[in-house]
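# Working through the structure, step by step
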Amino acid sequence: MNEQITNADLNAAHHLTVGGVDTLDLVQKYQTPLYVYDTGAIRQEIQAFKQVFEANDVNYQISYASKAFAAVAMYQVAAQAGIHCDVVSGGEMYTAKQAGFPMANLSFHGNNKSLTELTEALDYGVGCIIVDNFYELAQLTQLTTQREQLTKIMLRVAPGISAHTHEYISTGQEDSKFGFDLNSHQADKAVKQAQAAPYLDLIGIHCHIGSQIFELNGFKMIVDKLVTLFARWQTELGFYPQIINVGGGFGVKYTSEDQPLLPTEFVDAIIKETIAQTKAKHVPMLEIWIEPGRSLVATAGMTLYTLGASKEIPGIRKYLAVDGGMGDNIRPALYEAKYEAVLAKDPTLPSEQVASIAGKYCESGDMLIWDQKLPATKPGDVLAVLDTGAYGYSMASNYNRNPRPAVVFCENGHSQLVVQRETYADLTRLDIPLATPEDVK
Ligand SMILES: Cc1ncc(COP(=O)(O)O)c(C=O)c1O
Ligand SMILES: N[C@@H](CCCC[NH3+])C(=O)O
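Each chain has its residues counted from 1, following the order in which its sequence is written. Chain A is the first chain written and ligand 1 is the first ligand written, with later ones labelled in order. Owing to the predicted nature of the model, reporting of local features is limited to residues with pLDDT of at least 70; listing and counting of side-chain atom pairs is limited to 80 or more, with chain, interface and lining totals taken over all residues. Neither water nor hydrogens contribute to the side-chain values; these are computed over all heavy atoms in the structure.

The chain appears in an unreviewed UniProt entry as Diaminopimelate decarboxylase from Lactiplantibacillus dongliensis. What UniProt records for the chain under Subunit (unreviewed entry) is the sentence "Homodimer." UniProt positions are given in the numbering used here, feature names are shortened, and annotations may be inferred rather than shown by experiment. Word for word, the UniProt comment on the chain under Pathway (unreviewed entry) is "Amino-acid biosynthesis; L-lysine biosynthesis via DAP pathway; L-lysine from DL-2,6-diaminopimelate: step 1/1."

We now examine the overall build of the chain. Every helix listed is a DSSP run of H or I at least four residues long, and every strand listed is a run of E at least two residues long, numbered separately from the N terminus. Within the chain one finds twelve helices and 20 strands. Only C-alpha atoms enter the radius of gyration, while the globule expectation follows 2.2 Å times N to the 0.38, with N the number of residues. Relative to the globule expectation of 22 Å for 441 residues, the C-alpha radius of gyration of the chain, 23 Å, shows essentially globular dimensions. Its C-alpha atoms put the chain at 70 × 65 × 40 Å along the principal axes. In the chain, which comprises 441 residues, the proportion classed as buried is 55%. Here the contacts in the chain between residues at least 6 apart in sequence split such that 69% fall between residues at least 24 apart. For the chain, the distance from the average site of its 34 positive side-chain charges to the average site of its 50 negative ones is 1 Å. Relative accessibility decides the category of a residue: with a 1.4 Å probe and only protein chains considered, values under 20% of the type maximum give buried, values over 50% give exposed, and everything between is partly exposed. Should any heavy atoms of two residues lie within 4.5 Å, those residues are considered in contact. Under this rule, positive means Lys or Arg and negative means Asp or Glu; His and the chain ends count for nothing. Lysine's charge is taken at NZ, arginine's at CZ, aspartate's at CG and glutamate's at CD.

Here the focus is the UniProt feature "binding site: substrate" (unreviewed entry) in the chain. Sites flagged by UniProt as "binding site: substrate" (unreviewed entry) map to R294, R331, Y335, E363 and Y391. For this annotated set, covering 98 residues, the C-alpha atoms extend up to 26.6 Å from each other, a dispersed arrangement in space. Structurally, Y335 is set in helix α11 (residues 331-335). You can call E363 partly exposed: its relative accessible area is 37%.

Our next topic: the side chain of N56. Looking at where N56 falls in the secondary structure, it is placed in helix α2 (residues 39-56). Polar contact is the term for a pair of N or O atoms within 3.5 Å; when the atoms are in protein, one must be able to donate a hydrogen and the other to accept it, and sequence-neighboring residues count only if both atoms are side-chain atoms. A polar atom in the side chain of N56 sits 3.1 Å from the side chain of D268. For N56, the residues in contact, after removing those within four places along its chain, are D268, I271 and K272.

Another aspect to go through is the site of ligand 1. Near is defined per residue: the residue qualifies when any heavy atom it owns lies within 4 Å of the molecule or strand. Contacts to ligand 1 come from 15 residues, most closely from H208, S211, E291, R294 and Y391. Contact distances for ligand 1 include 2.8 Å between an oxygen atom and a backbone N or O atom of G249. Y391 is positioned with one of its side-chain polar atoms (N or O) 2.6 Å from an oxygen atom of ligand 1. Only the protein chains shown count as cover for residues, with accessible areas throughout obtained via the Shrake-Rupley method and a probe of 1.4 Å. A total of 390 Å² of accessible area belongs to ligand 1 in isolation, and the protein chains cover 93% of it. As a working rule, the residues Ala, Val, Leu, Ile, Met, Phe, Trp, Tyr, Cys and Pro are called nonpolar, Asp, Glu, Lys and Arg charged, and the rest polar, with Gly in that last group. Among the residues forming the shell around ligand 1, the class breakdown is three nonpolar, eight polar and four charged.

In structure tokens form, the structure reads like this:
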């Protein structure tokens, strides 16, 4: 049996379950492709992070990076858990607002926030704006001064530290579009400008080195680098940041080969390093913020598909096609991300074939999984691709005019539809036919 699955995930009929709900029942009720989440698992991940902070008795904030999975119901889960969220667009901000999420607990990120988005953030009373560059700093200074609205900000810095991860999801290196460069002292200049702005309250410094990180070292290095910087700023600029925000990026287990650290191990190391470095460098102890995205939702989610066509090329490969693909999970095509799948009707069945799981999109690169061992399969069987809870739905597209799947939350044996399946009508809802139909030849 796949090592991501335990007996607790199976019911008496050996069907795969999620949050105590039979996945085959979910398919009957909501059809495929379908994103399903074990909501209890999300809550547990949040608790696990909280507990390490509590155990270390430090001031902290967990800000869920909602780009990993943003939907009204998810912001509600975050609100119920009492954590903050970060948003990276007017759309995410609006969704959080619609969810009734407390706007004071939102942080707003982005390397090119529009004036409209910044104005929306001020209108909503967003708790903190994480300023990325001089252009934004100037705009926000002007806006907050015009409105006489005191606004909390952090500055995002690029620490010049590369995370060992796929280059597309590495963000902390010097050559990055994100944040004020430290090495060329752009950050010093930004601090001075922020301090001079009458309505900006600079509460902390942010950095994020990348995503799907498996090592502690990068986090220790950013703490070290930032606290060193804070010590210099204290004396040179009289600036005492209250918050060190180390971003997210905590790696998760997608396949049996991945051996991530526990989220708690990351956080424990960050806390210990912050305590040690602040003491050593005579910096007042800082409030520690983290921004986990993937690690809160990835393994809590899976995607259910129905198997259809298959193709066997003798001596080469067997393809099994599902009714979704790169439109609902772009990660394999974009990052060569690896996933594993199980047969929902009985994940304990012995392997009888090696097959590659193809999507239905018009691209050769639309492959979800290469060469996986599977039991015997037939068209109509339900395949569960595991651990798709992060950056699956949130990066979904209507490529080939395929409607996006529904999202269902499952907990304590109950399921609830939280995002409806798109319909064909949704696909043409925004289209405007030619004004002069006779022009259509
Ligand atoms: C600024 C920032 N914070 C947090 C995250 C969340 O990262 P992850 O989903 O890897 O935890 C990201 C995405 O990489 C990010 O850009
Ligand atoms: N979308 C990426 C990570 C997000 C990077 C955001 N800064 C992924 O699926 O792995």
